[in-house]
Structures are given as structure tokens and as C-alpha cells.
Amino acid sequence: MKALVVSGGGSKGAFAGGVAQYLMEEEGKSYDMFLGTSTGSLLIPHLAVNNIPKLYNIFTNVNQKTIFSINPFIQRKKDNREYVTINYFNSVLQFIKRKRTFGESMALRKNIFKNFTKEEYNLIIATKEDVVVTVSNLSKNSVEYKSIKAFSYEEFCDWIWISCNYIPFMSLATRNGFEYADGGFGCVIPIREAILRGATEIDAIVLERENLEYNKVLGKNPFSLLLSLFGHLLDQVEKSDIAMGKLAAVNKEVNLNLYYTPTKLTENSLIFNKRLMVDWWQQGFEYAKLKNKSGLDMNEWKYK
């Protein structure tokens, strides 16, 4: 059974889209099972119905307004570098309302329901082995994997949304008395879960460089510093996920193919820039092409 697994990574999901497009359209790969975390959870339902043009349109046109109903950031640009600063008004408004997060992501939830239809949900149920999204149960301090076949259309759309909720900047969701957030807090890339569910061949797209040793630009305000700190912690989770996935693949004799980003795409994956995401999608496509055609070492790859 073949599985496609996509990690979390915010706006870098556009790169994963390009990789998946090459694998499915040019290599002719067909997958029985799809697993994702955070932005990966947004990608996999559309990949499962093989609607690449629709997915491209969604991921290259997303912006802050399609994600945040209350945006805790103000996006700025200086010397060709984009960064975020605090939206003090919205943050204070959240405190006045006694909310526990700086922002709200109800706009993202609305767009998930808009872009992933009930007809597509039914098609997946009928034709695919499984589509699974990762969420973090903060109340139980555990990771949970939500299968499309265990939930109604409305419930599964909610789990996709919850998988993407990067708190404390996005919404904290409560379901069945438990509080949930972004799956990346517990599992950035669910390779091991794919193996446990019976995958014998896995293509895993990791939205980070294989070598994480680089000089990170730390934030100059509390929000951007907090984002840098979270990024550091998630990098460590990701390393652990990949190590466990590789070990499980060896033990179960699973063919595991890893696709990393060959360069550091961005310091802040919550910045959504159409020009950059169009470019990242193309980078993903070209990188997957070269990797499959020549067995290229990612450290040798240069995108022109």
C-alpha cells in the first residue's frame, strides 16, 4: 500500500504541492493513503481526489485574510525582506475579550468548507484507503490521528482546521470536552503512523532542509521571537519524527523516500506572499524532477 505523507510548514506547503504534482502527474504515482500535519492536512484531501489545478489555485492565492478572522500580525517589508510586527489593537482586543490566543482563524475554517466539498469527501470515502490528519490534544498531552472514514464531512473539515491552528496566534478549539491545536506540536510529519496503518511504500515531503544547521534570524519583537522559538522546538520534533520513521521503515522493510526542501525557504511560514508561493511551487516540481531523474543530492541542487 502506497502512502503520501506531508509535513507541517505553513506557506511552505506550496513547495509540497509542486513535489506532489510532479510525483503524481509526471511519475504517474497513485497513492492509497494520505497523511498530513498542519499545512499538510490542507493539501492531502485535494491530492487524494487528484485535483492539482484547484490545489495550485488555492495555495498560490492564500493570504492573511483567508486565514485570520482576527489577525495578530501586521506584515511589513524592509530591504526585500518580509517580516511581521504585532497588531497591538487586535491583541489588546483579544485580552479584553479574555481570549487565550492573540488571533483567531475562523476565516481559515470557512475557506476549508468552501474549498473542500462534500462531493470530494464522498469520492475519497469511495476510492481511497484513508486520508488522515494529525492534531494535538492539549488536554490529554497526546497526539491524535483523525481518519476521514471515522467522521462526517463537517467533522472532518473541522479536524483539518484544528490541525492547522498554530496557537497562540490562531484559534484554540474545543471538541468533546478536550482542547486541540496544531498537530505539529506533537508530530510534524506522521511517517511512523503511515507505517502502522499498513503503508509499504512512502513518499514523505518534509518542508524543511535536511541539514538544519544555519544561522537563524531571531525576532526583534515579542511575537517574532516567539515564532522563532516555536520554530526551533518544532525542528526538534521533526528530527525525532523522521528518525522514528526511518527506524520503523527499516524494521518493517518499508520503502521510504524523503523529499526535503533544498534551501531555507523562509524564516516565517505565517507570511503568505503570492509571488513567493508561486516560485516555491515551481521549485518543488523542479526539485522532485531532478531528484527522480538523476538521484541528485539535495545539497548539490540549485534552483534558477
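Above this text is the structure in question.
Observations concerning the overall build of the chain
Helices and strands together make up the secondary structure of the chain, namely 10 helices and 10 strands. Radius of gyration (C-alpha) of the chain: 18 Å, near the 19 Å computed for a compact globule of 304 residues. Reported as C-alpha extents along the three principal axes, the dimensions of the chain are approximately 55 × 45 × 35 Å. Out of the 304 residues belonging to the chain, those deemed buried represent 55%. Sequence-distant contacts in the chain: of pairs separated by 6 or more residues, those separated by 24 or more amount to 76%. Accessible surface for the chain amounts to roughly 14100 Å². Of this, 51% is attributable to carbon and sulfur atoms. Distance between charge centres in the chain, computed from 38 positive and 32 negative side chains, equals 7 Å.

A closer look at the packing of helix 2 (residues 39-48) against helix 3 (residues 52-59)
Helix 3 packs onto helix 2 with a crossing angle of 150° between their chain directions and a minimal axis gap of 9 Å. As far as their axial angle goes, helix 3 and helix 2 are roughly antiparallel. In this structure, helix 2 meets helix 3 at a crossing whose hand is right-handed. Counting all contacts with helix 2, which are made through T39, L42, L43, H46 and L47, the residues of helix 3 involved are I52, K54, L55, I58 and F59. Residue classes in the contact of helix 2 with helix 3 are distributed as seven nonpolar, two polar and one charged.

Here's the deal with the environment of E253
Take E253: it is sitting in the loop between helix 9 (222-251) and strand 10 (255-260). Taking the relative accessible area as the measure of exposure, E253 reaches 74% and is therefore exposed. For the pair E253 and A173, spaced 80 residues apart in sequence, the C-alpha to C-alpha distance is 38 Å.

Focus on the packing of aromatic side chains
By the definition in use, this model includes 15 aromatic pairs. Ring plane angle 90° and centroid distance 5.0 Å describe the contact between Y56 and W281, whose orientation is recorded as edge-to-face. Highlighted residues: Y56 in helix 3 and W281 in helix 10 (residues 274-294), separated in sequence by 225 residues. Classification of W281 by relative accessible area gives buried; the value is 2%. Across the ring face of Y259, the terminal group of K291 is positioned such that the distance to the ring centre comes to 5.6 Å.

Some thoughts on the layout of surface pockets
Estimated volume of the largest pocket: approximately 920 Å³. Elements with a contribution of two residues or more to the lining of the largest pocket: helix 2, helix 3, helix 5 (106-115) and helix 9. Counting residues per element, the lining of the largest pocket draws most heavily on helix 9, at six residues. Among the residues forming the lining of the largest pocket, the class breakdown is 20 nonpolar, 18 polar and nine charged.

A closer look at the pairing of strand 8 (residues 178-182)
Pairing analysis gives three bridges linking strand 5 (residues 130-137) to strand 8, with the strands arranged antiparallel. Note that in strand 8 the partner of V135 across the bridge is D182. Pairing of strand 7 (residues 173-175) with strand 8 involves three bridges; the strand directions are antiparallel. Each bridged residue has a counterpart across the sheet, and for R175 the counterpart in strand 8 is F178. The turn linking strand 7 back onto strand 8 is made up of two residues, and N176 within it adopts a positive phi angle of 55°.

Topic: the environment of Y259
Examined against the element boundaries, Y259 turns out to sit in strand 10. Sequence spacing of Y259 and A3 is 256 residues, and the spatial spacing of their C-alpha atoms is 14 Å. When neighbours within four sequence positions are excluded, Y259 is seen to be in contact with V19, L23, D203, A204, I205, V206, A288, K291 and N292.

As for the nonpolar core
One finds L47, F116, F156 and I205 to be the most contacted residues of the largest nonpolar core, which totals 66 residues. The element contributing the most residues to this core is helix 1 (residues 13-26), with eight residues. Those residues within four positions of F156 in sequence are excluded, and the remaining contacts are F116, Y121, V131, V133, K146, S147, I148 and F151. The next biggest cluster of nonpolar side chains, apart from the first, holds 20 residues, and it includes A199, I202, I242 and L256.

Regarding the packing of helix 5 against helix 7 (residues 153-163)
In contact at an axis separation of 9 Å, helix 5 and helix 7 are set at 135° when each is read in the N-to-C sense. As the angle between them shows, helix 5 and helix 7 are arranged oblique. In terms of crossing hand, the pair formed by helix 5 and helix 7 is right-handed. Facing helix 5, whose interface residues are M106, L108, R109, I112 and F113, helix 7 presents Y153, E154, C157, D158, I160 and W161. Classifying every residue of the contact of helix 5 with helix 7 gives eight nonpolar, no polar and three charged.

Quick notes on the rules
Residues numbered from 1 in each chain as written. Predicted model: local features only at pLDDT ≥ 70, side-chain atom pairs only at ≥ 80, totals over all residues. Heavy atoms only, no water. Helix = DSSP H or I, 4+ residues; strand = E, 2+ residues; numbered from the N terminus. Rg over C-alpha atoms; globule rule 2.2 N^0.38 Å. Buried < 20%, exposed > 50% of the residue type's maximum accessible area, 1.4 Å probe, protein only. Contact = heavy atoms within 4.5 Å. Areas by Shrake-Rupley, 256 points an atom, 1.4 Å probe, with all protein chains shown as cover. Lys, Arg positive; Asp, Glu negative; His and termini not counted. Charge placed at Lys NZ, Arg CZ, Asp CG, Glu CD. Axes fitted to C-alpha atoms, helices over the stretch in contact; angles between N-to-C directions. Parallel < 35°, antiparallel > 145°, perpendicular 65-115°, else oblique. Left-handed = near helix turned anticlockwise from the far one by under 90°. Nonpolar A, V, L, I, M, F, W, Y, C, P; charged D, E, K, R; others polar. Phe/Tyr/Trp six-rings, centres within 6.5 Å; stacked < 30°, edge-to-face > 60°. Lys NZ or Arg CZ within 6 Å of the ring centre and 35° of its normal. 1 Å grid on protein atoms, 1.4 Å probe; cavity = no way out; pocket = protein on both sides within 12 Å on 5 of 7 lines; lining within 4 Å. Points joined across faces, edges and corners; volume = space filled by probe spheres on them. Pairing = 2+ DSSP bridges. Core = buried A, V, L, I, M, F, W, Y, C linked by side-chain atoms within 4.5 Å.

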